[in-house]
Amino acid sequence: MIVGVALLIGLHPISPARTLDDYEHKAKDTAQSVLSSIETARLAARVGTRGDAFGPYVSVMLSESDTAVTKAQGVFDSVQPPDRHADAIRTRLGVLLNRASDGVARLRITARRGQLDRLERQARPLEHLATRLQRFIEDPGQVGTGAA
Amino acid sequence: MNGPGGEPAGRQVWAVLELLDRQLVDRDGRLAGKIDDVDFVVDDDPDALPRVDALLSGLGALANQIGGDFGRWLASIERRLAARRDRAPSRIAWSDVKSIGSSVELAADRDDLDSNRGERWVRDVIIDKVPGAGHEAE
Amino acid sequence: MKKVFGVTLGILTAMGGFVDIGDLVANSATGARYGMSLAWAVVLGVVGIIVFAEMAGRVASVTQRAVFDLVRERLGARAGLVNLGASFFITVLTLIAEVAGVALSFQLVSDVNYLLFIPLVGFAVWLVIWRVKFTTLETVFGLMGLAMIVTIVAIVQLHPDWSSLWHHASHPSVPPGEGRPTYFYFAIALFGAAMTPYEVFFFSSGAVEEKWTRSDLVLNKANVYLGFPLGGLLSLSLMAGAAVVFHPLGVGVDFLSQVALPTSLALGKVGLAFVIVGFVACTFGAALETALSCGYTMSQYFGWQWGKLVRPREAARFHLVVVSSIVVAIVVGVTAIDPIKVTEYSIVLSAAALPLTYFPILVVANDANYMGDDVNGPVRNAIATFYMVLLTVVAAATIPLMIATKAGS
């Protein structure tokens with residue numbers, strides 16, 4: 001049992017996606033996770049700019065969000081898309097993930113510099129990104145204009 | 001348990017069964033280990049019931065109770081740690097027992113008991129080296 | 001005076017034992033994911049710990065024996081050893097999580113990597129156990145832990161839709177899109193967090209350390225009926241805060257920083273300061289309790305002298321176990337193993353081991369030879385038996401659910 005627990009804690013086997021459905025599911029999970037990180041980052045920016053939290057706290061939360069986005073991105077990138085349709089999903093989500101990563105990283109850097117007053121303004125693009133991620137989660141298979 | 005197993009029990013034997021796993025307390029009220037096993041002796045008188053000869057405490061006796069592979073492994077550790085060459089676990093003579101309640105009180109000081117070798121070793125080798133070990137408690 | 005400070009034992013146990021890193025994370029994460037629809041699991045857990053802690057305290061007061069002491073006597077050397085193995089392992093796991101929790105709390109105010117704090121925290125835990133009097137320990141951390149009350153103020157300040165919160169709490173349901181197994185996995189986690197074994201090990205051993213006797217039975221009840229409900233209320237505030245702030249946004253709680261966010265939003269810097277002080281108090285208090293419990297369980301099984309009530313040199317092996325456990329916590333902690341994951345596993349595995357801890361207590365509490373007139377009454381026995389059945393079901397379901405839901409993902 002101890003070995004089982006150790007394995008569960010230590011290893012995080014990333015299973016390959018064999019079907020489109022499977023891939024879509026993983027894409028949705030990734031998007032949900034990144035959405036969560038973005039919303040957290042937005043809240044962090046808000047409390048930072050409004051003076052509801054002190055610098056180190058905001059920095060820590062933004063760093064954690066940043067790490068979470070990067071990790072989700074890394075995990076998703078490593079999954080082999082099974083077919084052409086999956087490729088489209090990958091492209092579409094990839095754009096959103098890059099934006100998320102950039103956006104949160106920028107907030108992290110600003111916070112670490114102690115420029116808390118700028119955070120809320122810098123976090124505004126994330127609102128739009130959150131909406132797009134939400135739409136993606138609702139329908140990942142929609143093949144349309146990937147970038148916008 | 002050592003001794004004639006499976007004999008119909010007299011009150012003494014049942015009382016002894018209850019002794020197993022009881023807490024031992026020395027004359028200063030300090031905890032001195034558990035009763036890991038009990039040693040019986042049968043007198044020559046054919047009507048005599050088995051009576052308790054000694055209480056056994058220590059890893060060796062405990063290993064017996066646990067049994068199985070794990071018990072044997074414990075017993076081998078005890079053998080290696082024991083100062084004495086023989087395999088017998090520490091004995092506390094029945095005459096040293098002062099009273100029996102939810103715990104068993106002894107007339108001896110636990111520092112005199114063989115079964116507390118481990119405690120003394122840890123105390124001397126490790127604990128006493130740290131400042132404040134003799135610091136008054138409550 | 002002893003009576004007043006006696007109540008702090010209950011508060012400390014409740015704070016440290018109830019609101020520890022496990023509860024901080026579990027209640028927040030559950031509120032974020034399920035809103036208030038798992039509030040019932042917290043209530044169930046609170047009632048359970050109240051019933052059994054009262055029994056453990058009563059047994060300790062009447063017999064001057066602590067829980068694990070009696071486990072071996074009732075179950076025998078062999079079963080007792082299995083019990084020890086499981087309980088000890090889980091308690092060490094919890095200690096690892098608590099030490100990391102203190103370090104994470106310090107990170108929140110300094111933005112210094114929590115890994116650097118771990119050895120310091122471990123050393124501090126040991127030092128406090130080595131030198132600080134039991135009653136001082138209780139009083140300081142018990143009172144400091146009351147800073148967590150700020151979470152109750154925060155939820156009020158957030159002006160939530162109370163009727164909606166109440167509705168979800170009283171009409172539990174699995175939200176659409178969520179699976180039943182995961183729902184119940186979270187329920188088990190909450191339950192495990194509320195009834196973690198070390199709480200009763202600590203509470204009963206503490207009662208013996210404080211030299212409670214029959215005349216302290218009322219004190220025992222006051223501790224239990226005051227301390228644990230307070231802990232439960234705090235847990236529910238954490239859940240509600242997360243339900244109000246995170247649930248609508250679909251945010252998942254994966255970090256300790258997020259747990260403080262509702263308070264920060266509601267009460268600003270002052271609130272945030274209080275809640276982080278609360279985090280430190282609760283996790284440090286819990287670290288003390290779990291480290292001591294590692295010592296208590298092992299010593300009480302083998303019959304060694306234990307406790308802070310004697311000089312350290314007179315309980316040598318006890319202190320050796322305590323310091324070794326802390327060293328293990330430091331070593332494992334600095335490997336940067338995810339502390340939130342360790343926390344989750346510690347509470348879930350606790351749930352799996354609950355019957356081992358609570359069954360002996362129930363047996364002894366009914367033993368008239370030991371308890372005299374203070375045995376369990378029929379009502380209490382009925383409740384306790386119901387819980388034993390529940391605990392067994394929970395224990396049996398835990399590992400399968402953990403595997404099926406991939407640990408709640």
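Right above here is the structure, for reference.
Thresholds applied
Residues numbered from 1 in each chain as written. Chains lettered and ligands numbered in written order. Predicted model: local features only at pLDDT ≥ 70, side-chain atom pairs only at ≥ 80, totals over all residues. Helix = DSSP H or I, 4+ residues; strand = E, 2+ residues; numbered from the N terminus. Contact = placed C-beta atoms within 7 Å. Buried ≥ 20, exposed ≤ 12 C-beta atoms within 10 Å, placed from the backbone. Pairing = 2+ DSSP bridges. Nonpolar A, V, L, I, M, F, W, Y, C, P; charged D, E, K, R; others polar. Axes fitted to C-alpha atoms, helices over the stretch in contact; angles between N-to-C directions. Parallel < 35°, antiparallel > 145°, perpendicular 65-115°, else oblique. Expected span 1.5 Å × (residues − 1). Bend = angle between axes of the 7 residues up to and from the residue. Core = buried A, V, L, I, M, F, W, Y, C linked by C-beta atoms within 7 Å.

So, on to the overall build of chain A. From N to C terminus, chain A includes six helices and zero strands. Ordered by position in the sequence, the α and β elements of chain A form the string α-α-α-α-α-α. In chain A, 83% of the contacts between residues at least 6 apart in sequence involve partners at least 24 apart.

Residues and elements named next belong to chain B. Because side chains alternate across strand β5 (residues 90-93), one face comprises the buried residues S90 and I92, and the other comprises R91 and A93, none of which is buried. As defined by bridge partners, strand β4 (residues 51-57) adjoins β5 across four bridges and the pair is classed as antiparallel. Residue pairing for β5: L56 is matched across the bridge by R91.

Attention shifts here to the interface of chain B and chain C. Quoted interface sizes are often the accessible area lost when the parts come together. Every contact between the two is made by 27 residues of chain B and, on the other side, 29 residues of chain C. Put simply, the parts of the chain that give the side of chain B that touches chain C at least two residues each are β1 (23-25), β2 (31-34), α2 (59-66) and α4 (117-125) of chain B. Ranked by residues supplied to the side of chain B that touches chain C, first place goes to α4 of chain B with four residues. Looking at side-chain class alone, the side of chain B that touches chain C contains nine nonpolar, nine polar and nine charged residues.

All names here are of chain C. Residue placement: Y301 occurs in helix α12 (residues 256-302). Exposure remark for Y301: the 23 C-beta atoms within 10 Å place this residue in the buried category. Separated by 234 residues in the primary sequence, Y301 and V67 place their C-alpha atoms 9.8 Å from one another. Not counting chain neighbours up to four residues away, the residues in contact with Y301 comprise F68, R72, G80 and L84.

The next thing to look at is the sheet that holds strand β7 (residues 103-106) of chain B. Across a sheet, paired strands are connected by hydrogen bonds in the backbone, their directions being either parallel or antiparallel. Residue and element names in this part refer to chain B. Spatially, the four strands line up as an open sheet ordered β2-β1-β7-β6, and their pairing is mixed. Either end of the sheet is taken by a strand with one partner, and the two such strands are β2 and β6 (97-100). On average, each strand axis in the sheet is tilted by 25 degrees relative to the strand beside it, whichever way the strands run. Relative to β2, β1 runs antiparallel, the two sharing two bridges.

Right, let's get into the sheet that holds β5 of chain B. All names here are of chain B. On the basis of which strands lie adjacent, the open sheet formed by three strands has the order β3-β4-β5 and antiparallel pairing. Each edge of the sheet is formed by a strand with only one pairing partner; in this case those strands are β3 (37-41) and β5. Each neighbouring strand pair of the sheet contributes to a mean axis angle of 35 degrees, computed without reference to strand direction.

At a minimum axis separation of 8 Å, α2 of chain B and helix α4 (residues 67-110) of chain C run at an interaxial angle of 90 degrees. Between α2 of chain B and α4 of chain C, the interaxial angle falls into the category roughly perpendicular. Contacts from L62, Q65 and I66 of chain B in α2 of chain B reach A77, R78 and L81 of chain C in α4 of chain C. Within the contact of α2 of chain B with α4 of chain C, the residues separate by chemical class into four nonpolar, one polar and one charged.

Another aspect to go through is the pairing of β4 of chain B. For β3 of chain B and β4 of chain B, the ladder comprises five bridges, and the chain directions are antiparallel. Counted as the bridge partner of D39 of chain B is A54 of chain B from β4 of chain B.

Turning to the interface of chain A and chain C, a few remarks are in order. In this assembly, 21 residues from chain A lie in contact with 23 residues from chain C. Elements with a minimum of two residues in the side of chain A that touches chain C: α1 (2-10), α2 (20-49) and α3 (55-77) of chain A. Of the residues contributing to the side of chain A that touches chain C, the split by class is 13 nonpolar, five polar and three charged.

Residues and elements named next belong to chain A. With respect to the helices and strands, Q73 occurs in helix α3. When the 20 C-beta atoms within 10 Å are taken as the criterion, Q73 is described as buried. Each C-alpha atom of the pair Q73 and G94 lies 8.2 Å from the other, and the pair is 21 residues apart in sequence. Not counting chain neighbours up to four residues away, the residues in contact with Q73 comprise L97 and S101.

Below, the discussion takes up helix α16 (residues 378-404) of chain C. All names here are of chain C. Across its 27 residues, α16 extends 39 Å between first and last C-alpha, which sits within 8% of the 39 Å expected from 1.5 Å per residue. Along α16, the helix axis deviates most sharply at T398, where the bend reaches about 35 degrees; the proline P400 sits within four residues downstream. Regarding α16, the residues found buried are A384, Y387, L391, V394, T398, L401 and M402. The secondary structure elements touched by the buried residues of α16 are α3 (39-63), α9 (180-194) and α14 (339-365). Phi for K406, located one or two positions after α16, is positive at around 50 degrees.

Residues and elements named next belong to chain C. Unusually for a residue other than glycine, Q64 sits at a positive phi of about 55 degrees. Of note, Q64 is situated in the loop between α3 and α4. Look at Q64 and you get partly exposed, because 15 C-beta atoms sit within 10 Å. Even without being a glycine, K211 presents a positive backbone phi close to 60 degrees. Relative to the assigned elements, K211 resides in the loop between α10 (197-209) and α11 (217-245).

Right, let's talk about the environment of T335 of chain C for a bit. By the secondary structure assignment, T335 of chain C is in the loop between α13 (316-333) and α14. Considering only alpha carbons, one finds T335 of chain C and L362 of chain C, 27 residues apart in sequence, at a separation of 40 Å.

Bringing the packing of helix α2 (residues 21-34) of chain C against α14 of chain C into the picture now. Residue and element names in this part refer to chain C. The interhelical angle for the contact between α2 and α14, taken along N-to-C directions, is 95 degrees, at an axis separation of 9 Å. Here α2 lies roughly perpendicular to α14, going by the angle between them. Facing α2, whose interface residues are I21, G22, V25 and A26, α14 presents I340, T343, S346 and I347. Residues of the contact of α2 with α14, tallied by class, amount to five nonpolar, three polar and no charged.

Residues and elements named next belong to chain C. In this structure, V99, L190 and I361 are the most contacted members of the largest nonpolar core, which totals 218 residues. At 27 residues, α12 tops the list of elements feeding residues into this core. If sequence neighbours within four positions are ignored, L190 has contacts with A26, T30, L38, A41, V42 and G45.

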